[in-house]
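# Structural features, examined
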Amino acid sequence: MQSFDLEAQGLRALNTTLHAQAKDTNQTAWEIVNPKGSHAIAVGLDAPIEVNVKGSTGYYCGGMNKQATVHVHGSAGPGVAENMMSGTVLIEGDASQYAGATGNGGTLIIKGNASSRCGISMKGIDIIVHGNIGHMSAFMAQSGNMVVCGDAGDALGDSLYEAKLFVRGSVKSLGADCIEKEMRPEHIELLTELLERGGCDAKASEFKRYGSARELYTFNIDNAY
Amino acid sequence: MCGIVGLFLKDPSLEPHLGSMLTEMLITMTDRGPDSAGIAIYGSETSGTGKLTVQSDTPQQDFASLEKDLAAKIGTNVSIRAKDTHAVLEMSNAQIPVARVALTDLRPNVRVMSHGETLEIYKEVGLPKNVAERFDLSSMSGTHGIGHTRMATESAVTTMGAHPFNTGVDQCLVHNGSLSNHNSLRRKLRRLGVHIETENDTEVGAAYLTWKMQTGSTLGEALQSSLDDLDGFFTFVVGTKDGFGVVRDPIACKPAVMAETDQYVAFGSEYRALVNLPGIDEARVWEPEPATVYFWSQNAAPTASEKAA
């Protein structure tokens, strides 16, 4: 286990050290102490390492992640796991605004609640939230899956493309062109796998699926000004 | 961007440390707003006595015999406590309106920063660390306070454009965001007789709340109606003589984090601002909901009333 004191050693040294890890590094286990809400912790990683952050983080933790597992033992500030490509980001507490935004791949697991704009413009990432999500989540989401074990805020899935949204609790309102869709066996199968990956004890049958009505970007006189 | 901090104490044993805790929080928020900084502190009260915090760019000249000159002009006792470019004038509460008029004659270059029974506001252009040092903010004690680091967007980088803004007795407000209808609202409020000094959007927000309260709203109601009447982005933190309130607009893209323990309620634009507060690891930490008014008072239980966005 490699331990790194962020307060003593600084952010630049941390990210430089983590970036220097090659794909076959033997230093696969890292612990970051004293994060104290600092920004840009463990961004741009590209090696199969596990980074445990012992506390809460500020903006953009785990952004642009590839391969690595970033485990935050606290809450995360805005933009956690933004534009992730692969790997896993796991938040024990809550996540602030736009968690997992524009993510291309990998898995983001939030054990607490996520705030507004969770998964905005997601492009292939899987986001699994144990609690609730805020307003305008999955706005313009293009592909990937979002699982919400709690409730969703206003305008879920506004202007959605092909991402799949699964919500167990209530949805305050659906955004433009987002509709409830039937849960077919393949969706139950997919969701069961996602719930297992996210460490959720919920059952797939308790969820509703939401997706795009696919009418917003085709000719529809109701969309004309 | 801008950075906001706020601290409302429940435990009186922390009161001597209010200034130092707020100052540390304020300095942490420097990179959200290095243009200017300000702090409002609610300190002790002497019954019947009011405070005017004033500012001058030439303090040695303006403050030299101000105590005597003002006392002679308005015929009452005045005491003065000068700190760098600011001075706190204390006198009988009833004399304050007269003193404000007298000041404009006696010292035309002196500007009023705040008026209150317990409130004092210190604000200047410059890095938060330097502003805090100039006024020795860390030595101040009090029951609650708010602070702001400014990244200027809507008006010039001047002392008067710095936050907090005080527009009513013991009321003050700090703001992160930008209001888009401040010009029309300023014209409307001025027509209604509300005094607004600057072209700053935040002052309009503060004046709007004062006007609402002068026309019968409680602070909670005034904050609630701000959600209908103010356009743009805002996270507001407000202070009153005995309370501390927070509201975010329905879009809520300006950041906000709150923490509460048995000893205090704290606000920060970022969690970083809160990390050195006592017991923060065990505190309830949350992000205030959009279009929801939160308010704590020394005389009442906390409130959070939600309004449909």
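Residues numbered from 1 in each chain as written. Chains lettered and ligands numbered in written order. Predicted model: local features only at pLDDT ≥ 70, side-chain atom pairs only at ≥ 80, totals over all residues. Heavy atoms only, no water.

## Re the overall build of chain B
Convention followed: Put simply, DSSP H or I for four residues or longer makes a helix, DSSP E for two residues or longer makes a strand, and each gets a number counted from the N terminus. Based on C-alpha atoms, the radius of gyration is set beside the globule rule, defined as 2.2 Å times the residue count to the power 0.38. Burial here depends on accessible area, computed with a 1.4 Å probe over protein chains only, as a share of the maximum for the residue type. Under 20% is buried, over 50% is exposed, and the range in between is partly exposed. Any two residues whose heavy atoms approach within 4.5 Å are treated as being in contact. Surface accessibility in these figures is a Shrake-Rupley result with a 1.4 Å probe; residues are shielded only by whichever protein chains are displayed. This count recognises Lys and Arg as positive and Asp and Glu as negative, with His and chain-terminal groups excluded. Where a charge lies is defined by one atom per residue type: Lys uses NZ, Arg uses CZ, Asp uses CG and Glu uses CD.
A tally of helices and strands in chain B yields eight helices and 17 strands. The C-alpha atoms of chain B give 18 Å as radius of gyration, which agrees with the globular expectation for 309 residues (19 Å, within 12%). Counting all 309 residues of chain B, 60% fall into the buried class. Partitioning the contacts of chain B with sequence separation of at least 6, the portion at a separation of at least 24 is 69%. Of the roughly 11,800 Å² of accessible surface on chain B, a fraction of 50% belongs to carbon and sulfur atoms. Of note, chain B has its 26 positive side-chain charges centred 6 Å away from the centre of its 38 negative side-chain charges.

## A word on the packing of aromatic side chains
Where two aromatic rings form a pair, the distance of their centres and the angle of their planes describe that pair. All names here are of chain B. Short version of the rule: Stacked, tilted and edge-to-face pairs are distinguished by plane angle, under 30 degrees for stacked and over 60 for edge-to-face with tilted covering the rest, among Phe, Tyr and Trp rings (Trp via its six-membered ring) whose centres lie within 6.5 Å.
Taken as a whole and judged by the stated rule, the model has nine aromatic pairs over all chains. Between phenylalanine 234 and phenylalanine 236, the ring centres sit 4.7 Å apart and the planes meet at 20 degrees, which makes this aromatic pair stacked. Among the residues examined, phenylalanine 234 registers a relative accessible area of 1% and is labelled buried. Exposure remark for phenylalanine 236: the relative accessible area of 1% places this residue in the buried category. Summarising the aromatic geometry, the rings of tryptophan 286 and tryptophan 296 are spaced 6.3 Å apart at their centres and angled 50 degrees between planes, so their arrangement reads as tilted. Residue tryptophan 286 is located in strand 15 (residues 284–286), and its partner tryptophan 296 is located in strand 16 (residues 292–297); the two are separated by ten residues in the primary sequence. Tryptophan 296 gets classed as buried once you look at its relative accessible area, which sits at 4%.

## Notes on the pattern of salt bridges
Quick note on the threshold: Any Lys or Arg side-chain nitrogen located within 4 Å of an Asp or Glu carboxyl oxygen qualifies as a salt bridge.
Overall, the coordinates contain 24 salt bridges over all chains when judged by the stated rule. A salt bridge links A:Arg184 to A:Glu186; the nearest nitrogen and oxygen atoms lie 3.0 Å apart. With a relative accessible area of 42%, A:Glu186 lands in the partly exposed category. The partner of B:Arg186 in a salt bridge is B:Glu199, with the nearest N and O atoms 3.7 Å apart. In this pair, B:Arg186 is assigned in helix 6 (residues 182–191) and B:Glu199 in the loop between helix 6 and helix 7 (201–214), connecting sequence segments 13 residues apart. With a relative accessible area of 47%, B:Glu199 lands in the partly exposed category. Each member of the salt-bridge network shares a partner with another, and the members are B:Asp31, B:Arg32, B:Glu270 and B:Arg272.

Such coordinate-based values are descriptive only and should not be taken to indicate function.
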